[in-house]
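Read off the chains here:
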Amino acid sequence: MKQYQDLLQHILKNGVEHHDRTGVGTKSVFGYKTRYNLKAGFPIVTTKRVPFRWIAEELFWFLSGSTSNFDLQARGVDIWDEWATPEQTKRFGRPEGDLGPVYGYLWRSFGGDYPKMNGVDQIENLITEIQNNPNSRRLLVTGWDPRVAGEVSLPPCHTIFQFKIESEKILHCQLYQRSADSFLGVPFNISSYALLTHLIAHVCDLEVGEFIHTFGDLHIYSNHLPQVDELLSRQPFPLPMLKFVNAENLKGFAGLMNFKFQNIELVDYRSHGKISAPVAI
């Protein structure tokens, strides 16, 4: 995926060294944008192996409104484990596994009295607005609530996303991401929001258009530089295509809530091997 290669090269060429809260240190740039034509193939990194099932299951976990790491682990995904330990959660008076008001809660109960689901369901409102007012400029979901951002170990990094419907049939999505770990996190973010755009388009009887990814602080951690060099030495493969299976009746908000990984097929995904790197906590 050339856009991802270009993104990494841009940081290497233009990035400035920064200290950060993790103590690891980064090379970072501020302000960058990539665009992906979702009709031309599903955007997933091919220069290293990316676990697409984990991406999909995490997205379904977000959409469910759950903030329990145990629910995510039950899906076979452990990528939130470091922020759900007893040491992390007790800082906020929560039991092990309770991540607090992170993405799922903010998307499905914004402004609520956590853990009560009594806030604004932004996802249901989004689907309703798309169906009833497709020309709206208010088709957006926010994952940043300053009232609770300090009450979780990892405040939301992908903070606001907006949809636009073109010519009454083509769905575009733009994400603003305040902070982005370009080697470990960004490949997940690209494919997650591309999948979300496909899902929203399907349940609203629309076609996919572009996914536009806009960054605030875009960085490479200093202990990921050798891995980035290895990745950039590899040639990308052609992109796969996304296909839905037995999803004809999955429509509207209820349809979105009932999507499962079994309804998704990533066709002809070829990649180079996995490149491991440590997570900065």
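Throughout what follows, the structure given in this document is the object of discussion. (Residues numbered from 1 in each chain as written. Predicted model: local features only at pLDDT ≥ 70, side-chain atom pairs only at ≥ 80, totals over all residues. Heavy atoms only, no water.)

**Things to note about the overall build of the protein chain**
The secondary structure content of the protein chain amounts to 9 helices and 8 strands. On C-alpha atoms alone, the protein chain measures out to a radius of gyration of 18 Å, which is about the 19 Å that the 2.2 N^0.38 rule sets for 281 residues. A principal-axis box enclosing the C-alpha atoms of the protein chain has dimensions of 50 × 45 × 35 Å. Counting every position in the protein chain, which comprises 281 residues, the buried fraction comes to 55%. Counting contacts in the protein chain only where the partners sit at least 6 residues apart, residues at least 24 apart contribute 70% of the total. (Helix = DSSP H or I, 4+ residues; strand = E, 2+ residues; numbered from the N terminus. Rg over C-alpha atoms; globule rule 2.2 N^0.38 Å. Buried < 20%, exposed > 50% of the residue type's maximum accessible area, 1.4 Å probe, protein only. Contact = heavy atoms within 4.5 Å.)

**A short note on helix α8 (residues 225-232)**
Side chains three or four residues apart in an α-helix point the same way, a direct result of the helix having 3.6 residues per turn. Among all positions of α8, only Gln 227, Val 228, Leu 231 and Leu 232 are buried. End-on, the buried residues of α8 take up no more than an arc of 135°, which puts them together on one face. The secondary structure elements touched by the buried residues of α8 are α1 (2-14) and β6 (207-221). (Arc of directions from axis to C-beta.)

**Structural notes on the packing of α1 against α8**
It is at 11 Å that the axes of α1 and α8 come closest, and there the two elements cross at 135°. By the angle class used here, α1 and α8 are oblique. The element α1 and its partner α8 pack so that their crossing is left-handed. Taken together, the residues of α8 that come into contact with α1 (itself represented by Tyr 4, Gln 5, Leu 8, Gln 9 and Leu 12) are Leu 225, Val 228, Asp 229, Leu 231 and Leu 232. Of the residues assigned to the contact of α1 with α8, the class counts are 7 nonpolar, 2 polar and 1 charged. (Axes fitted to C-alpha atoms, helices over the stretch in contact; angles between N-to-C directions. Parallel < 35°, antiparallel > 145°, perpendicular 65-115°, else oblique. Left-handed = near helix turned anticlockwise from the far one by under 90°. Nonpolar A, V, L, I, M, F, W, Y, C, P; charged D, E, K, R; others polar.)

**So, a nonpolar patch on the surface**
Residues Phe 30, Leu 140, Ile 160 and Tyr 176 make up a contiguous nonpolar surface patch of about 390 Å² in total accessible area. Its place among the elements puts Phe 30 in strand β2 (residues 26-37). Given a relative accessible area of 70%, Phe 30 falls into the exposed group. (Patch = residues over 30% accessible without salt bridge, like charges linked within 9 Å, V, L, I, M, F, W, Y side chains within 5 Å. Areas by Shrake-Rupley, 256 points an atom, 1.4 Å probe, with all protein chains shown as cover. Salt bridge = Lys/Arg side-chain N within 4 Å of Asp/Glu carboxyl O.)

**Here we look at unusual backbone geometry**
The residue after Tyr 114, namely Pro 115, is reached through a cis peptide bond having omega 5°. Among the structural elements, Pro 115 can be located in the loop between α5 (103-108) and α6 (122-132). Despite not being glycine, Ser 167 shows a phi value in the positive range, around 55°. With respect to the helices, strands and loops of the structure, Ser 167 is situated in the loop between β4 (158-166) and β5 (170-181). In the Ramachandran plot, Asp 205 falls in the positive-phi region, its phi being about 55° despite a non-glycine side chain. One can find Asp 205 in the loop between α7 (185-203) and β6. Given the relative accessible area of 58%, Asp 205 is considered exposed.

**Examining the packing of helix α2 (residues 52-64) against α7**
Where α2 meets α7, the closest approach of the two axes is 9 Å, and the angle between their N-to-C directions is 60°. On the basis of their axis angle, the class for α2 and α7 is oblique. At the point where α2 passes α7, the crossing takes the right-handed sense. In this structure, α2 contributes Phe 52, Trp 54, Ile 55, Ala 56, Glu 58, Leu 59, Phe 60 and Leu 63 to the contact, and α7 contributes Pro 187, Phe 188, Ser 191, Ser 192, Leu 195, Leu 196 and Leu 199. Across the contact of α2 with α7, the residue classes tally to 12 nonpolar, 2 polar and 1 charged.

**Some words on the sheet that holds β4**
A sheet is described by the order of its strands in space; here 6 strands give the open sequence β1-β2-β6-β5-β4-β3, paired in mixed fashion. In the strand order of this sheet, the two ends are held by β1 (16-18) and β3 (140-142), each with one partner. Neighbour to neighbour, the strand axes of the sheet diverge by 20° on average, direction disregarded. Across the sheet, α1 lies against β1, β2 and β6, angled at about 155° from β2, the strand it touches most. This element, α6, spans β3 and β4 of the sheet and lies at about 170° to β3. (Pairing = 2+ DSSP bridges.)

**Some thoughts on the pattern of salt bridges**
On inspection of all chains with the given rule, the structure shows 9 salt bridges. Asp 121 is the partner of Arg 108 in a salt bridge, and the nearest nitrogen-oxygen pair spans 2.9 Å. One end of the pair, Arg 108, is in helix α5; the other, Asp 121, is in the loop between α5 and α6, with 13 residues separating them in the sequence. The two residues Arg 108 and Asp 121 agree in class, both being buried. Ionic pairing is found between Glu 230 and Arg 234, a salt bridge with its closest N-O pair at 3.0 Å. Residue classification places Glu 230 among the partly exposed residues on the basis of a relative accessible area of 37%.

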